[in-house]
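Chain and residue survey
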Amino acid sequence: MTAQDAPETASDISANPTGHRQRRLRLRPGRILGQVISIAVTLFGLLLLTFVIGRMMPVDPVRAIVGEDASPDTYMQVYRQLGLDRPLWEQFLIYVGDVLRGDFGTSIRTGRPVIEDILAVMPATIELATFAILIGAGLGITLGVVAAANKDRWPDHLIRIVSLLGHSMPIFWTGMIGLILFYAVLGWVGGSGRVSDFYLGLVEGPTGLLLIDSLLAGEMEVFRSALRHLVLPASILGYASAAYITRMTRSFMLDQLNQEYITTARVKGLSRSRTIWGHAFVNIRVQLVTIVALTYGGLLEGAVLIETVFAWPGFGQYLTNNLMIGDMSAVMTCVLLVGVIFITLNLLSDVLYRVFDPRTR
Amino acid sequence: MTALPRSTGLPLLRPLGNILRALLRNPPSAFGLTIIGLLLLIALFAPLLATHDPHAVDLDNTLRPPGGGHLFGTDELGRDIYSRLVFGTRITLRIIALVTVIVGPIGLIIGTASGYVGGLFDRIMMRITDIFLSFPALILSLAFVAALGPSLNNAIIAIALTSWPPIARLARAETLTFRATDYVAAARLQGASTLRIIVRSIMPMCLPSVVIRLTLNMATVILTAAGLGFLGLGAQPPLPEWGAMIATGRRYMIDSWWLVTFPGLAILLVSLAFNLVGDGLRDALDPRQMTGRAMP
């Protein structure tokens, strides 16, 4: 599961969502200003979108706060407090102002500012997604190179089936089957959650990443338990994302392998593997960085489902839990955050492209 | 695009026929097409193929393992899982068909209008698609369903709302190439209105690629719908939607593995079929890969 408009083939890159990457921006002030304005407009649009969705919801925000038995007076008071008596455009301006000041509202469920809640659950998701992308990129890049080098031969066909299978799995289902098989039957991995209940709360901070924190604290038992819990959801998430990386790597590699310099290298007597890894692969690294960055953002989507299955206390579970009880300020902040992460990753892959590719300087 | 510009149905049919032949020659895509064909047949003849009423509760026969009159076993209410899966094909097809019927025209209209009219209108429309594209499909669908209320139809609307931007972008890109052609200039000189040129001269030319993009999108639609069903935001029980079946089966999965296994396999098979066809389509349409040789 990757971003919806993620490029399908190497040639599609030019039609990428925000159109930033391929333009090979040079460090000219005009261009940078243009880009900043374009990002600002997109962010403003994001706010408008989340505002509209938030206002569409069937749950009465006032009832959610005051409860069913509140008197009409109390109701009206809260109604005015929330600013719902003002015109819509004014409500929107207030919303934008709040967001700019870093005020994303208060969660009905926890009673804490939404942003604090999200910051508290984010490390769990980052740990999961980072582990997953390491698996996904390692698997996807290797398979893609092997597939391209063996185009239309059996390894290519096999790799296509393996990677498409990962792409076609309903990820929540794979999670459950994995739990039944590797946890309940074989007992190779830990069950739900980030760590066994026994060790819960034993290690806190400073990074929030349990693997690192437990190492820093010298708690090897906790580290082992956390690793046993992490390995299954991260592998499934990584496998699901590998399909896209494989396809793109294969496509990029085919581009390179069809060029004259590869034939020259082979004629010169360079070995097959030296040609592939030493010549062709070196030339696609920059493009791969872009793809991996985009995939990393796409993992958030898979994380929503996989965190629900594994009771992983991260961003995805926070989002779905709040959806169930209709806590819209929490939900909309999550949606807004995903949008911002996506735009940032797009921009980041753009910058990386410029830094690593000498031709764009 | 080497097809002659003609504003009849021909430009759509001829390339699609060629593509279909190319797909059937490629074993993985042919397999995918077969599965999709089977899916259609199963949905059509569901009442004949089902062995039980998919909604019939039988509390004496709950959580029976596969075999003994129940091919895939029974669920927590004694309903026959095989029959529910068979009827579930109709829901899956309904989701795909409705999303396609909504998304295709919206994407086509916005894309062609934006590409042909250009200017400020184009910039605004493309900025809007950018905003939609800055979310993963599932996250935005989640937000829309949360706002509309959970139900199968709302899930379909939410998925449609999130899947039109890539189609619009594609139609716009195609339009930009056709806008400069002689036959469009000729139509304009004859005094054809903007609306007429878009509808009669440009839209038919964009159709083949839009249809293909819609096909590529179907596996994502199926997985998103199943994901929404699993989270309880899509089809509601007792509808035999596969994702929702997995969600209810989850409570019993350690002891009764068949409750989640079979619906998941059904989703996997259908989404794999669409991905195989999509993969074949991309290869058939990517000229660089056709000339590609194996490593010397």
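Residues numbered from 1 in each chain as written. Chains lettered and ligands numbered in written order. Predicted model: local features only at pLDDT ≥ 70, side-chain atom pairs only at ≥ 80, totals over all residues. Heavy atoms only, no water.

**A few points about the overall build of chain A**
Secondary structure summary: chain A contains 13 helices and zero strands in total. Beginning at the N terminus, the succession of helices and strands in chain A can be written as α-α-α-α-α-α-α-α-α-α-α-α-α. Contacts in chain A between residues at least 24 apart in sequence constitute 71% of all its contacts with a sequence separation of at least 6. (Helix = DSSP H or I, 4+ residues; strand = E, 2+ residues; numbered from the N terminus. Contact = heavy atoms within 4.5 Å.)

**Description of the interface of chain A and chain B**
In this complex, chain A contributes 66 residues to the contact, which on the side of chain B involves 57 residues. Of the roughly 5,900 Å² buried where chain A meets chain B, counting both sides, 68% is carbon and sulfur surface. Where chain A meets chain B, there are two salt bridges. Between R247(A) and D279(B) there is a salt bridge, with its nearest N and O atoms 2.3 Å apart. Of all the secondary structure elements, the ones that give two or more residues to the side of chain A that touches chain B are α1 (29-56), α6 (154-168), α7 (171-185), α9 (220-257), α10 (260-267), α11 (272-310), α12 (315-325) and α13 (328-356) of chain A. (Buried area = accessible area lost by both parts, 1.4 Å probe. Salt bridge = Lys/Arg side-chain N within 4 Å of Asp/Glu carboxyl O.)

**Let's talk about the pattern of salt bridges**
In the structure shown here, the tally under the stated rule is 15 salt bridges over all chains. Residue E90(A) pairs with R86(A) through a salt bridge whose shortest N-O separation is 3.1 Å. By relative accessible area, which is 39% here, R86(A) ends up partly exposed. The partner of R84(B) in a salt bridge is D75(B), and the shortest N-O contact between them spans 3.8 Å. By the burial criterion, R84(B) is buried, and D75(B) matches it. (Buried < 20%, exposed > 50% of the residue type's maximum accessible area, 1.4 Å probe, protein only.)

**Things to note about the UniProt feature "domain: ABC transmembrane type-1" (unreviewed entry) in chain B**
Within this numbering scheme, the UniProt entry marks residues 89-278 of chain B as carrying the feature "domain: ABC transmembrane type-1" (unreviewed entry). Taken end to end, residues 89-278 of chain B comprises 83% helix and 0% strand; its first and last C-alpha atoms sit 20 Å apart. (UniProt positions renumbered as here; feature names shortened; annotations may be inferred.)

**Here's the deal with the packing of helix α5 (residues 119-133) of chain B against helix α7 (residues 152-179) of chain B**
All names here are of chain B. Where α5 contacts α7, the axes come no closer than 9 Å and their chain directions differ by 135 degrees. Comparing the axis directions of α5 and α7 gives the class oblique. By crossing handedness, the relation of α5 to α7 is classed as left-handed. Between α5 and α7, the residues in contact are D122, M126, I128, T129, D130, F132 and L133 and L161, W164, P165, P166, A168, R169 and R172, respectively. Class assignment for the residues of the contact of α5 with α7 results in nine nonpolar, one polar and four charged. (Axes fitted to C-alpha atoms, helices over the stretch in contact; angles between N-to-C directions. Parallel < 35°, antiparallel > 145°, perpendicular 65-115°, else oblique. Left-handed = near helix turned anticlockwise from the far one by under 90°. Nonpolar A, V, L, I, M, F, W, Y, C, P; charged D, E, K, R; others polar.)

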